[in-house]
Amino acid sequence: MAYNLDEKQQPIRDQIKKFAEKEVLPVCMELDRRKESFPSEYYQKLAKAGYVGFAMPKEYGGGGHDNLEYITMMEELTYWDAPTGLMAAIPQLATFPIFAYGTEEQKKKYVPKCASGELIPSFVLTERNAGSDASNQSTVAVIEGDHFVINGEKIFIMHGDVCTLGVLFCKIADKEENRTRISSIIIETDTPGWKARTLEHKMGMRAATTGLITLENVKAPLENQLGETGRGFIIAMNTLDGARIGVAAQAVGIAQRALDESIKYAKSRIAFGAPIAKLQAIQWMIADMATRTEAARLMAYKAASEQDKGNRVSMEAAQAKMYATEVANFCVDKAMQIHSGYGYIGEFSIIEKLYRDQRVTEIYEGTNEIQRLVIANSLLR
Ligand code: COS
């Protein structure tokens, strides 16, 4: 039983277990193994159950849950199936800039539709040369009359192949002042010039698809700008602080699943006349997995609780994300070792899938090298 800080956490775990048994477990292996394509009906089920809009504000159609509750939901959903957790994390990441920085009109117009699943939002930041170096944006919006005209390319955009709403980050070229500044603009993707495709042969998290987007003279009304001109970088960084706690929770879910599967297997697998759980070599792996997973969970809870108090959590989020994703790496690796051939070959267990799903958690929402940079910068400034 995972340790709960708050009495509201256990009902969330129970509710998700029920949902997972009915809706996730019957389909998740098939979604992983088929050719990448976004599972629209499945996403709608997640939205209907309230997981897409879970932490969006109640007054804009969301579930109104706080950050601690949100990461409990994220940990638990990811425990049952990692890409399903990710599918619920992406709309939260993409909609946060609107409900945290948007005007009342923007919030009313877009957030309820993102929460209900009517719109599929994406956080459109990364470019070929602006991944870790996020401020090195090449995508440019030029102001023409009452519109922006936007040109550029975006890569590794989660749900970017199917999104119907893009929260885009780019430079704004200001002809009069001859300056460029990073800003954020909401774009309805049925606008001419917006083209997207699915990136193929992803190692893991295959059901939550990833896209490449090109923008050719895409027009967006000036009123779709989020926040002030030039605030885009800070909006993106602040959004990522929260999202990184979510990734820490995903990693805890994966680590806990690897641990539970390993305990089950070690008790049932007989070698040398007894369950392998009797062997100290196995016991030490289990002990290390359990201890590190619990430490990672507490770090994620701490970061989320600080965020709920309204504090800036850049360092705590980076620490939780970095530590938890490396713990998840440790746990899937040990689970593979414990299961041996029955872990390596996917027809026997979930370990092969867990191993693939885990890897990206050390990369997305800022690589772990970037997390170390954020931590060091916070301590040394
Ligand atoms: N919240 C609020 N403001 C923030 C912030 C945050 N989390 N992080 C930075 N800022 C502000 C700083 O306070 C600073 O403001 P001032 O100029 O007013 O002092 C400004 O933003 C620039 O910050 P900083 O100097 O730290 O930026 P750098 O360019 O040196 O470094 C890193 C930024 C590398 C840490 C950043 O680009 C980063 O996190 N990159 C990874 C991006 C990422 O996660 N990509 C994954 C894809 S997104 S799905």
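This structure is a prediction, so every number in the text was calculated from the model and none was measured.

Caption draft 1: View of the pattern of salt bridges. Here the structure, examined in full by the defined rule, presents 24 salt bridges. A salt bridge links E23 to K22; the shortest N-O distance between them is 3.4 Å. On the basis of relative accessibility, which here comes to 17%, the residue E23 falls in the buried class. One salt bridge connects E261 with R257, and the closest N-O pair in it is separated by 2.9 Å. Remark: R257 and E261 occur in helix 7 (residues 232-268); sequence separation between them is four residues, near one turn of the helix. A relative accessible area of 9% places R257 in the buried class. Through salt bridges with shared partners, a single ionic network connects R13, E75, E76, E294 and R297.

Caption draft 2: Structural detail: the packing of aromatic side chains. Throughout the structure, instances matching the rule amount to eight aromatic pairs. Plain terms: the ring middles of F19 and Y51 are 5.1 Å apart, the flat faces sit at 75° to each other, and that makes the pair edge-to-face. Of the two residues, F19 is situated in helix 1 (residues 9-24) and Y51 in the loop between helix 3 (40-48) and helix 4 (67-80); the sequence distance between them amounts to 32 residues. Looking at Y51, the relative accessible area reads 2%, which means it is buried. On the numbers, 5.1 Å between centres and 80° between planes, the contact of Y342 with F348 is edge-to-face. Owing to a relative accessible area of 47%, F348 belongs among the partly exposed residues under this scheme. Here a set of aromatic residues connected by ring pairs shows up, and it is made of F19, Y51 and F54.

Caption draft 3: Examining the site of the ligand more closely. The local shell around the ligand holds 20 residues, among which S132, D241, R244, S314 and G366 are the closest. Residue R244 places a side-chain N or O atom 2.8 Å away from an oxygen atom belonging to the ligand. Alone, the ligand offers 1000 Å² of accessible surface; in the complex the protein occludes 63% of this. At the level of elements, helix 7 and helix 12 (368-380) are the ones that each hand at least two residues to the shell around the ligand. In terms of residue count, the dominant contributor to the shell around the ligand is helix 7 (seven residues).

Caption draft 4: Region of the structure containing a nonpolar patch on the surface. On the surface, Y342, Y344, I345 and F348 cluster together into a nonpolar patch covering about 450 Å² of accessible area. Within the secondary structure, Y344 is located in helix 10 (residues 341-344). Y344 sits in the exposed class, given a relative accessible area of 63%.

Thresholds, definitions, all that
Residues numbered from 1 in each chain as written. Predicted model: local features only at pLDDT ≥ 70, side-chain atom pairs only at ≥ 80, totals over all residues. Heavy atoms only, no water. Salt bridge = Lys/Arg side-chain N within 4 Å of Asp/Glu carboxyl O. Buried < 20%, exposed > 50% of the residue type's maximum accessible area, 1.4 Å probe, protein only. Helix = DSSP H or I, 4+ residues; strand = E, 2+ residues; numbered from the N terminus. Phe/Tyr/Trp six-rings, centres within 6.5 Å; stacked < 30°, edge-to-face > 60°. Near = heavy atom within 4 Å. Polar contact = N/O pair within 3.5 Å; in protein donor to acceptor, adjacent residues only side chain to side chain. Areas by Shrake-Rupley, 256 points an atom, 1.4 Å probe, with all protein chains shown as cover. Patch = residues over 30% accessible without salt bridge, like charges linked within 9 Å, V, L, I, M, F, W, Y side chains within 5 Å.

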